[in-house]
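Each chain, written out:
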Amino acid sequence: MRNIAAVSLVFIATFAIMLTTTYFQVKPQTALKTEILETLKRLNDENASDPVLQEQIRELDLMSRKAYFVRSSRMTAGVYILLGMFAALVVSLHLLYAGSKNIPAKKLDAVDEWIVKTSARKYVTFGAVMLLATALVFAGLSSPHLVSNNPKKDREKTSSPPLEARNDEPARDDGNADPPAVAESPESKPEPETKPETKPETKPVAETPTPAAASPQAAQSAAESPAPRKAAPVTAHNGFRGNNSNGISPAKKLPLKWDLSAGANIAWKAETPRKGFNSPVINGNRVFMSGADAQARELYCFDLDSGKMLWTLAADNIQGSPATVPKTTDDTGLAASSVVANGKQVCAIFATGDLICADTAGRRLWAKNLGVPDNHYGYASSLLVFGNLLIVQYDNNKSPRVAAFDIATGVERWSRNRTGKISWSSPIIARIAGKPQLVLSGNPHITSYNPDNGEEYWRVECLNGEVGSSPCSAADVVYGASEYATLIAISGTDGSTLWKANDYLPEVSSPVATKDNVYLATSYGVVACYDAKTGELKKIHELSEEFYSSPLIAEGRIFLFSNSGKMHIFSADSEFNLIASFSTGERTFSTPALTDGKIVVRTENSLYCAAEIKN
């Protein structure tokens, strides 16, 4: 026991020194700001047209963030080891002292005498406790969630109060149809900022699919904007990764080859007015997306057939909206969240916390600010439509929550506070035994809710780090994954864990699944196929590409963009063969939208539609 106590004490002292040293190494180096990165960003501002420099900045930023969180995770492991060794010290000292009471008197050596003396033992225990406490304090202070890049700005921020649940009528659909609106109860009238607005705020565009149409001659009232024309039914792609945000599309006759630079199989191309990493959305004969910068946040509508911009709606004059936009990283920005549409309404959310909803003619219906997200990269969770409910995953450092609003009026229908830390994942609707479940990934839980009222069904603690990948589901099983954590299969019926795997894990890209296989793409170029029932790794493709876009499945094929703008098409089966791989001509970070015969893609600078064009 004496030897165990001595070894434990040495370990405690060693790990305490290591953790304290690591704290002072990590503290000045955040995942967002280093002297080298700041210098490169200034160079980038001066050389905005230098693609080589921009690629170097992206690669260095990725390595910096990975190194930072690896160090942080090692500190967490060190704390657990420290606690274990402290427990071993306490137990060994207790057993040593307890055994010494009945030992016959004998001459003790100097070490034994020092250990068994009460006063000395107290000093040892006190010293070990102080070392442990010091290490734990520094480890806690070094957490990326406690380190602020701008303390003064943090003190000036005011967080919105938690959203409280209301007992209103539940939604009745999964978002693929146009259900009747929910009747309001007398006690649930909209707040002043959520009342429908009658003043038109749209800016219709008359001729070309470019920002140049924002001229005074093109600006008209919303009442003068052309009404949606009746046409053949169009397969909807209502939100991020399609209907229910699950990555599965019913679209048919999709093009398998195109070239943006050469114009081959390109139906149209339009310049995007403002920057944004959100994915396009298709409903009816219209394409929706958003863009934002320090000057404005905007919602856009394009014609699916011609690419002509039909209208622009500014997200302005919103009560509670911050006067100064929050700081975001260049690869997130102010408009990373994809919009949603249901055929009657279209809604967008921005990193300022501004949530806005319009009808399909571009007339603003309602808007509100949910509180500026406390988020060191920028808010990025996409919206989800479920029947007549608009669902928002609002995981941030101060008050993480999930809430549902009446999509027609903005009235809050229910809200649930969430446990855990910040995340960038987006919600999905999973069909489990024929019934819908609202599933959210976060740090550290994957959680299932009743989408009608927010009641929690089950919760599994399985993720950590920066959770940006969204879950997916197939055949009553929910799948979630995050880099530096795991790929997990969860039974949707009871929340039990079916299997885990960690061979290859995504950072930003979200997995997609069938009843037989799970497919995912990593940020370091590996695209992998796992057995959906066992978690066995079936096959990988090493493509030397970086993937932020998420894979989509349609017509038995997987469509996946790399950041460089290269399209990869695989067979969505156990063979997982690479069918085609070709460069499209522009860097692409968002996930495309699929409809019959067409693929709508948002690139770094433009929006275009690929389709089979017969000569």
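For the structure, check the block above.
Below or above, wherever it landed, is the structure these notes cover. (Residues numbered from 1 in each chain as written. Predicted model: local features only at pLDDT ≥ 70, side-chain atom pairs only at ≥ 80, totals over all residues. Heavy atoms only, no water.)

### What to know about the sheet that holds strand S11 (residues 389-394)
Where we set the bar: Pairing between two strands is assigned when DSSP locates at least 2 bridges connecting them. Helix numbering and strand numbering both begin at the N terminus, where a helix is a DSSP run of H or I of at least 4 residues and a strand a DSSP run of E of at least 2. An axis is simply a line fitted to the C-alpha atoms; with a helix, the fit covers only the stretch in contact. Between two such axes, the angle follows the N-to-C directions and lies from 0 to 180 degrees.
The strand order S10-S11-S12-S13 describes an open sheet built from four strands, whose pairing is antiparallel. Where the open sheet ends on each side, the last strands, each with one partner, are strand S10 (384-386) and strand S13 (412-417). Strand-to-strand twist of the sheet, defined as the mean angle between neighbouring strand axes without regard to direction, takes the value 20°.

### A short note on unusual backbone geometry
A cis amide bond, omega 15°, links Asn443 with the succeeding residue Pro444. Non-glycine residue Asn244 carries a positive phi angle of around 70°.

### Digging into the pattern of salt bridges
Opposite charge on two side chains permits pairing when their charged atoms draw close. For the record, the criterion: By definition, a salt bridge exists where a carboxyl oxygen of Asp or Glu is found within 4 Å of a side-chain nitrogen of Lys or Arg. For every residue, the accessible area (1.4 Å probe, protein chains only) is compared with the maximum for its type, and the residue is labelled buried under 20%, exposed over 50%, or partly exposed between those bounds.
Scanning the entire structure with this criterion turns up 14 salt bridges. The salt bridge involving Lys515 is made with Asp516; its shortest N-O contact spans 3.1 Å. Classification of Lys515 as exposed rests on a relative accessible area of 54%. Across the pair Lys533 and Asp516 runs a salt bridge whose closest N-O atoms are separated by 3.4 Å. Note that Lys533 is positioned in the loop between strand S24 (526-531) and strand S25 (537-542) and Asp516 in the loop between strand S22 (512-513) and strand S23 (517-521), a separation of 17 residues in sequence. With relative accessibility at 30%, the residue Asp516 sits in the partly exposed group. A cluster of three or more residues bridged by salt bridges with shared partners is formed by Arg274, Asp293 and Glu298.

### Regarding the packing of aromatic side chains
For clarity, the cut-off: Working definition: rings of Phe, Tyr and Trp (its six-membered ring) pair if their centres are within 6.5 Å, and the pair is stacked with planes under 30 degrees apart, edge-to-face with planes over 60 apart, and tilted otherwise.
Taken as a whole, this structure holds 10 aromatic pairs when the rule is applied. Here the aromatic rings of Phe288 and Trp311 are separated by 6.2 Å at their centres, their planes lie at 50°, and the arrangement is tilted. Of the two residues, Phe288 sits in strand S3 (residues 286-292) while Trp311 sits in strand S5 (residues 309-314), which places them 23 residues apart along the sequence. Summarising the burial analysis for this pair, Phe288 and Trp311 share the class buried. Between the aromatic rings of Tyr377 and Trp424, the centroid separation amounts to 5.2 Å while the plane-to-plane angle is 40°, which identifies the pairing as tilted. Of this pair, Tyr377 sits in the loop between strand S9 (364-369) and S10 while Trp424 is found in the loop between S13 and strand S14 (428-432), placing the two residues 47 residues apart along the sequence. The class of Tyr377 is buried, set by a relative accessible area of 7%. Within the aromatic cluster, the residues linked to one another by ring pairs are Trp258, Phe561 and Phe582.

### Some words on a nonpolar patch on the surface
Threshold: Residues qualify for a patch when their relative accessible area is over 30% and they have no salt bridge, like charges being joined within 9 Å and the nonpolar side chains of Val, Leu, Ile, Met, Phe, Trp and Tyr within 5 Å. The Shrake-Rupley method, run with a 1.4 Å probe, gives the accessible areas here. Residue values count only the displayed protein chains as cover.
On the surface, Met1, Ile4, Val91 and Leu95 cluster together into a nonpolar patch covering about 340 Å² of accessible area. Take Leu95: it is sitting in helix H3 (residues 51-100). Exposure remark for Leu95: the relative accessible area of 44% places this residue in the partly exposed category.

### Points about the environment of Ser245
This is how the line gets drawn: For this analysis, residues touch if any pair of their heavy atoms sits within 4.5 Å.
As for its position among the elements, Ser245 is in the loop between helix H6 (151-156) and strand S1 (266-271). Expressed as a C-alpha distance, the spacing of Ser245 and Ile429, which sit 184 residues apart in the sequence, is 7.0 Å. Those residues in contact with Ser245 that sit more than four places away from it in its chain are Phe240, Leu384, Pro427 and Ile428.

### Comments concerning the sheet that holds strand S30 (residues 593-595)
One open sheet holds the four strands; their spatial order is S1-S32-S31-S30, and the pairing between them is antiparallel. Two strands bound the open sheet, and with one partner strand each, they are S1 and S30. Here the average twist between neighbouring strands, direction ignored, is 15°. When S30 meets strand S31 (residues 598-602), the two strands line up antiparallel, connected through three bridges. Across the sheet, Thr595 pairs through a bridge with Lys598, a residue of S31.

### A look at the pairing of S25
Relative to S25, S24 runs antiparallel, the two being bridged by five bridges. The residue of S25 that forms the bridge with Cys529 is Lys539. Hairpin geometry of S24 and S25 is characterised by an intervening segment of five residues between the two adjacent antiparallel strands and by a positive phi of about 85° at Gly535.

### Let's talk about the nonpolar core
Let me state the cut-off plainly: What makes a nonpolar core is a set of buried Ala, Val, Leu, Ile, Met, Phe, Trp, Tyr and Cys residues whose side-chain atoms join them at distances within 4.5 Å.
Counting 39 residues, the largest nonpolar core has Leu355 and Val392 as the members making the most contacts within it. Non-local contacts of Leu355, meaning those with residues more than four positions away in its chain, are made with Ala348, Ile349, Trp366, Ala367, Lys368, Leu370, Leu383, Leu390, Val392 and Phe405. Judged by nonpolar contacts, the second largest core, of 18 residues, contains Ala251, Leu254, Leu260 and Ala554.

### As for the side chain of Ser606
Note the cut-off: Residues adjacent in sequence count toward polar contacts only when both atoms are side-chain atoms; beyond that, a polar contact is any pair of N or O atoms within 3.5 Å, and within protein one must be able to donate a hydrogen and the other to accept it.
Within the fold, Ser606 resides in strand S32 (residues 606-611). Among the polar contacts listed, one links the side chain of Ser606 to the side chain of Glu586, at a separation of 2.8 Å. For Ser606, the contacting residues outside a window of four places in its chain are Leu260, Lys269, Ala270, Glu271, Thr272, Glu586 and Val601.

### Quick notes on the pairing of strand S12 (residues 401-406)
Taken across its six residues, S12 has six buried, putting it largely inside the fold. On S12, burial covers both faces: Arg401, Ala403 and Phe405 on one face and Val402, Ala404 and Asp406 on the other are all buried. As judged from the six bridges shared by S11 and S12, these two strands associate in the antiparallel manner. From the neighbouring strand, Leu389 faces S12, where its bridge partner is Asp406. In textbook terms, the turn of a hairpin is the stretch between consecutive antiparallel strands, and for S11 and S12 this stretch comprises six residues. Here S12 hands over to S13 after five residues, with Gly410 in that stretch at a positive phi of 85°.

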